[in-house]
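# Structural overview for review
So the chains spell out like this:
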Amino acid sequence: MHKILFVDDEQNILSSMRRQFRKTFEVHTETSPESALTKIREGERFAVIVSDYRMPGMNGVEFLGHVRKLCPDTTRVMLTGFADLDNAIKAVNDGNVFRFLTKPCSETKMRDNLRQAVRQYELVTAKKILLEKTLKGSIELVTEITQLVHPESGANSNVVKRQVTFLAKKKQVKDMWRYEIAAMLCQLGSVVLPDKVIAKRMNGEELTPEEVQLYEMHPMVAQGLISKLPRLEKVGEMVEYQMKGFDGSGIPRDGVEGEDIPLGGRILKIVLDYNIFLSREGSTQAAFKMLEDNYDQYDPELMYYFEGMLGVEARYVVREVAMHDLEPGMIFYQDVVSDQGALLFRKSLEIDKSKIDRLAMYAKKIKIKEPFKVLVPG
């Protein structure tokens, strides 16, 4: 049964709603908007939220406006008296509610509207899930193709994604999926680069003017490819600005600097530069020191968060564990392969429940080399 939340300061109305609809829906109730918002902020989600308009402290329009920001997929319904009709219409026009119902509302009318609201929720979430799965699958395919062209980037791409996600979470972004995809696709343009240019860049060797020009093209090449995909325009912009310094240096040479640079671009700049420095220097401390030596090129707030993240990762320890001891949050320290040498998971990939389940499924059909070397938080 779908979860429905009724919010009303009159307890007798809430008791009536529980009685009438408990056999059709999973009914929850709250007597104040504040307590309902607390529950939502703590992660509880509902298919439909029905709110009274007149409540002390916060009216229904304000409450459902907050709900829309916290969980936009939830269908929002408001109950109102005729005296509040203008406010109810405003709420609908502002997009805060799916529908408003006037008091008194019969059980039959309420039930019909709740079913329509649930149907709206199902349509929204089904479309979102389909889009995310299709898009994610396509992105993973493109990433795998990129890694086939430059195999050495495989493990590194997993590290980049994890670090980008960490910084994006610190900035409390609402569209996390865009940052994850930007991390996965930021090196897409490198398919046009000769192996020699990539090797010289990674080793810190000086590039010829022609090689510099070619290397600086790869973010724009990636942006051009990504922007052709629906809903990925902002991702393309993040990738385009991955080599742009916070001080305005770097490419694109357009005069944009500071916080006017897309946040995703600022994050990628730190993460990608750090990993290049790490491959050259071989130690976390030396790599971060190189970032500090070029401090003007990086967002100061992101540098602070990134230094904290490196301190956490420094406390990871290497362990060998059997399959049944794998836990979410661990990180593969080496590639996971079958006894025939087939690559199942690349090293540096963070382990979650789905990967553990996939490994268990693989193990039923093929032999997998155990134990696994993993990084475990110390």
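Residues numbered from 1 in each chain as written. Predicted model: local features only at pLDDT ≥ 70, side-chain atom pairs only at ≥ 80, totals over all residues. Heavy atoms only, no water.

## Brief notes about unusual backbone geometry
Cis geometry marks the peptide bond from Ile251 to Pro252, where omega comes out at 0°. Residue placement: Pro252 occurs in the loop between α11 (233–240) and α12 (263–281). Cis geometry marks the peptide bond from Glu370 to Pro371, where omega comes out at -5°. Within the element layout of this structure, Pro371 appears in the loop between α15 (353–365) and β10 (372–377). A positive phi angle, near 55°, is found at Gln172, a position not held by glycine. (Helix = DSSP H or I, 4+ residues; strand = E, 2+ residues; numbered from the N terminus.)

## Observations regarding the sheet that holds β10
Spatially, β6-β10-β7 is the arrangement adopted by the 3 strands of the open sheet, whose pairing is antiparallel. Two strands bound the open sheet, and with one partner strand each, they are β6 (316–321) and β7 (331–332). Two elements, β7 and β10, share 2 bridges in a ladder whose sense is antiparallel. Looking at β10, one finds that Phe332 is bridged to Val374. (Pairing = 2+ DSSP bridges.)

## Concerning the packing of aromatic side chains
Here the structure, examined in full by the defined rule, presents 5 aromatic pairs. Aromatic side chains Tyr274 and Phe306 sit 5.0 Å apart centroid to centroid with 75° between the ring planes, which places their arrangement in the edge-to-face category. You can see Tyr274 sitting in helix α12 and its partner Phe306 sitting in helix α14 (residues 300–313), a full 32 residues away along the chain. Across this residue pair, the class does not change: Tyr274 and Phe306 are buried. Arranged with centres 5.7 Å apart and planes meeting at 20°, the rings of Phe332 and Phe345 form a pair that is stacked. Separated by 13 residues along the polypeptide, Phe332 in strand β7 and Phe345 in strand β9 (residues 343–345) bring together distant segments of the chain. Each of the two residues, Phe332 as well as Phe345, counts as buried. Put simply, the rings of Phe332, Phe345 and Tyr362 touch in pairs and so form one group of aromatic residues. A cation over a ring is seen here: Lys3 above Phe46, with NZ or CZ 5.0 Å from the ring centre. (Phe/Tyr/Trp six-rings, centres within 6.5 Å; stacked < 30°, edge-to-face > 60°. Buried < 20%, exposed > 50% of the residue type's maximum accessible area, 1.4 Å probe, protein only. Lys NZ or Arg CZ within 6 Å of the ring centre and 35° of its normal.)

## Points about helix α13 (residues 284–293)
The periodicity of an α-helix, 3.6 residues per turn, causes residues three or four places apart in sequence to face the same way. Residues Ala287, Phe288 and Leu291 constitute the buried set of α13. Mapping the buried residues of α13 onto a view down its axis gives an arc of 95°, with all of them on the same face. Residues Gln285 and Asp293 are exposed on α13 and point more than 90 degrees away from its buried face. Where α13 is buried, its residues meet α12 and α14. (Arc of directions from axis to C-beta. Contact = heavy atoms within 4.5 Å.)

## Some details on the pairing of β10
Looking at chain direction, β6 and β10 are connected through 6 bridges and run antiparallel. Each residue of the ladder has a partner; that of Val317, found in β10, is Val376.

## Comments concerning the pattern of salt bridges
This structure, assessed with the given rule, holds 16 salt bridges. Ionic pairing is found between Glu107 and Arg111, a salt bridge with its closest N-O pair at 2.6 Å. Of this pair, Glu107 and Arg111 both sit in helix α5 (residues 107–149), 4 residues apart, which is roughly one turn of that helix. Glu107 gets classed as partly exposed once you look at its relative accessible area, which sits at 36%. Here Asp175 and Arg178 are joined by a salt bridge, their closest N and O atoms 3.2 Å apart. Using a relative accessible area of 16% as the deciding quantity, one classes Arg178 as buried. One continuous salt-bridge network, built from bridges that share partners, spans Asp8, Asp52 and Lys103. (Salt bridge = Lys/Arg side-chain N within 4 Å of Asp/Glu carboxyl O.)

## Topic: the sheet that holds strand β1 (residues 3–7)
As summarised here, the arrangement of the 5 strands in space is β2-β1-β3-β4-β5, forming an open sheet in which the pairing is parallel. Of all the strands in the sheet, just β2 (26–30) and β5 (99–102) have a single pairing partner and so form its edges. The mean inter-strand angle of the sheet, taken between neighbouring strand axes irrespective of direction, is 20°. Here β1 pairs with strand β3 (residues 48–52) via 4 bridges, running parallel. (Axes fitted to C-alpha atoms, helices over the stretch in contact; angles between N-to-C directions.)

## Digging into the packing of α12 against α14
Their axes nearest at 11 Å, the elements α12 and α14 cross at an angle of 45°. In this view, α12 runs oblique relative to α14, as classed from their interaxial angle. Between α12 and α14 lies a crossing whose hand is right-handed. Residues Leu263, Arg266, Ile267, Ile270, Val271 and Tyr274 of α12 touch α14, and the partners they reach there are Leu302, Met303, Phe306 and Leu310. When its residues are assigned to classes, the contact of α12 with α14 shows 9 nonpolar, no polar and 1 charged. (Parallel < 35°, antiparallel > 145°, perpendicular 65-115°, else oblique. Left-handed = near helix turned anticlockwise from the far one by under 90°. Nonpolar A, V, L, I, M, F, W, Y, C, P; charged D, E, K, R; others polar.)

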